[in-house]
Amino acid sequence: MILDDYMIATDINSEVLCLGYPIYNSSLDNLPNKSKLLVNTINQYSYCISEEDATFKEALLKSDVILPDGVGIVFASKWLNGVKVKKIAGADFHEYQLKRLNKINGSCFYLGASNETLGKIETRLKKEYPNVKFGSYSPPYKPSFTEEDNAKMIQEVNNFRPDVLFVGMTAPKQEKWSYAHKGELDAKIICSIGAVFDFYAGSVERPSKIWQNLGLEWLGRLLKEPKRMWRRYIYYGFIFSKHLVKAKFSRL
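Model, not experiment: these values are computed from the prediction. (Residues numbered from 1 in each chain as written. Predicted model: local features only at pLDDT ≥ 70, side-chain atom pairs only at ≥ 80, totals over all residues. Heavy atoms only, no water.)

**Structural notes on the side chain of Asp53**
Inspection of the secondary structure puts Asp53 in the loop between α1 (44–50) and α2 (54–61). Overall, the relative accessible area of 18% leaves Asp53 in the buried class. Within the structure, Asp53 has its side chain in polar contact with the side chain of Lys176 (distance 2.6 Å). Excluding residues within four positions of it along the chain, Asp53 makes contact with Pro172 and Lys176. (Helix = DSSP H or I, 4+ residues; strand = E, 2+ residues; numbered from the N terminus. Buried < 20%, exposed > 50% of the residue type's maximum accessible area, 1.4 Å probe, protein only. Polar contact = N/O pair within 3.5 Å; in protein donor to acceptor, adjacent residues only side chain to side chain. Contact = heavy atoms within 4.5 Å.)

Here is the structure:
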């Protein structure tokens, strides 16, 4: 189904259509109850990239849940249609799931990053969430995977059969991979969370709660890693603004 380019509230499904994407607009306690749930996030950067990459756009649109991960999407919701949504970052979803899994003695699997990063995640996880069963696999670092690579990754996940599969391969690679192999993966929840692997491992420090609460987490990341982040936040920030203006005034 092709969605409109504008935003309308759809309270029945706890979603808001923003720039053509059904954005989740409820508490994480109210996630859809499905046998297999594909969760992705969207921010101004991923929106702009999806407009240039049809496969990525399809992967997002076919998600069961798209979380509003960024103040750009929150602002777009309010400015275009007066609908307020709460930002839910990938790190927030990750923390929520770990707390939930710890209560039910559940399991999670981390697919992505280096063995060193995965080792740091395991150490911290065992300390903070001792009831959670941990599994992981570090796929090869390359632009695209071979059929053998994909088969190995799927096998590693399915041998573990996690309640939650966290995929961290950077966008849009991780979203495309999760969507392409959703039907083959034996996991109840599949979520692409990218930089959260490094945040939780401590390899990259997430901006403090002060930055987060002010809606300036993006600025904190930009100041910490200007060479890597300027294009994402400055260049694509400008591109995203153009999309918003076009959407706003084409409706008048």
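**Points about the environment of Lys87**
Following the sequence through the fold, Lys87 ends up in the loop between α3 (71–81) and α4 (90–104). In this structure the C-alpha to C-alpha distance between Lys87 and Tyr24, which are 63 residues apart in sequence, comes to 9.6 Å.

**Notes on the environment of Gly119**
Of note, Gly119 is situated in helix α5 (residues 115–128). Judged by its relative accessible area of 29%, Gly119 falls in the partly exposed class. A C-alpha to C-alpha distance of 9.0 Å links Gly119 and Ser136, two positions 17 residues apart in sequence.

**Re the nonpolar core**
Judged by nonpolar contacts, the single largest core of 30 residues is most densely connected at Cys108, Tyr110 and Leu125. Mapped by element, the contributors of at least two residues to this core are β4 (37–42), β5 (65–68), α4, β6 (107–112), α5, β8 (164–168), β9 (189–192) and α8 (196–201). Setting aside residues no more than four positions away along its own chain, Cys108 makes contact with Leu98, Leu101, Leu125, Val132, Lys133, Phe134, Gly135, Phe160, Pro162, Val164 and Phe166. Ranked by size, the runner-up nonpolar core spans 20 residues in total, among them Ile23, Ile73, Ile239 and Leu244. (Core = buried A, V, L, I, M, F, W, Y, C linked by side-chain atoms within 4.5 Å.)

**A few points about the packing of aromatic side chains**
Taken as a whole and judged by the stated rule, the model has eight aromatic pairs. Judged by centre distance (5.1 Å) and plane angle (45°), the ring pair of Tyr110 and Phe166 falls under tilted. You can see Tyr110 sitting in strand β6 and its partner Phe166 sitting in strand β8, a full 56 residues away along the chain. Pair check on accessibility: Tyr110 and Phe166 agree, each one buried. On the basis of an interplanar angle of 75° and a centroid distance of 5.3 Å, the ring pair of Tyr110 and Phe197 is categorised as edge-to-face. Highlighted residues: Tyr110 in strand β6 and Phe197 in helix α8, separated in sequence by 87 residues. A single burial state applies to Tyr110 and to Phe197, both of which are buried. (Phe/Tyr/Trp six-rings, centres within 6.5 Å; stacked < 30°, edge-to-face > 60°.)

**Structural notes on the packing of α2 against helix α7 (residues 173–181)**
Remark: α2 packs on α7, axes separated minimally by 9 Å, with the N-to-C direction vectors making an angle of 60°. Classified by the interaxial angle, the pair formed by α2 and α7 is oblique. In the packing of α2 onto α7, the handedness of the crossing is left-handed. Across the interface between the two elements, Thr55, Phe56, Glu58, Ala59 and Leu60 of α2 pack against Glu175, Lys176 and Tyr179 of α7. Residues belonging to the contact of α2 with α7 are distributed by class as follows: four nonpolar, one polar and three charged. (Axes fitted to C-alpha atoms, helices over the stretch in contact; angles between N-to-C directions. Parallel < 35°, antiparallel > 145°, perpendicular 65-115°, else oblique. Left-handed = near helix turned anticlockwise from the far one by under 90°. Nonpolar A, V, L, I, M, F, W, Y, C, P; charged D, E, K, R; others polar.)

**Quick look at helix α6 (residues 147–160)**
Along its 14 residues, α6 runs 20 Å from first to last C-alpha, staying within 8% of the 20 Å computed at 1.5 Å per residue. Among all positions in α6, only Asp149, Asn150, Met153, Ile154, Val157 and Phe160 are buried. In a view along the axis of α6, the buried residues occupy a sector of 130°, so they form one face of it. Pointing more than 90 degrees away from the buried face of α6 are the exposed residues Glu147, Glu148 and Asn159. Packed against the buried residues of α6 are β6, β7 (133–137), β8 and α7. Once α6 ends, the next one or two residues include Arg161, with phi positive near 55°. (Expected span 1.5 Å × (residues − 1). Arc of directions from axis to C-beta.)

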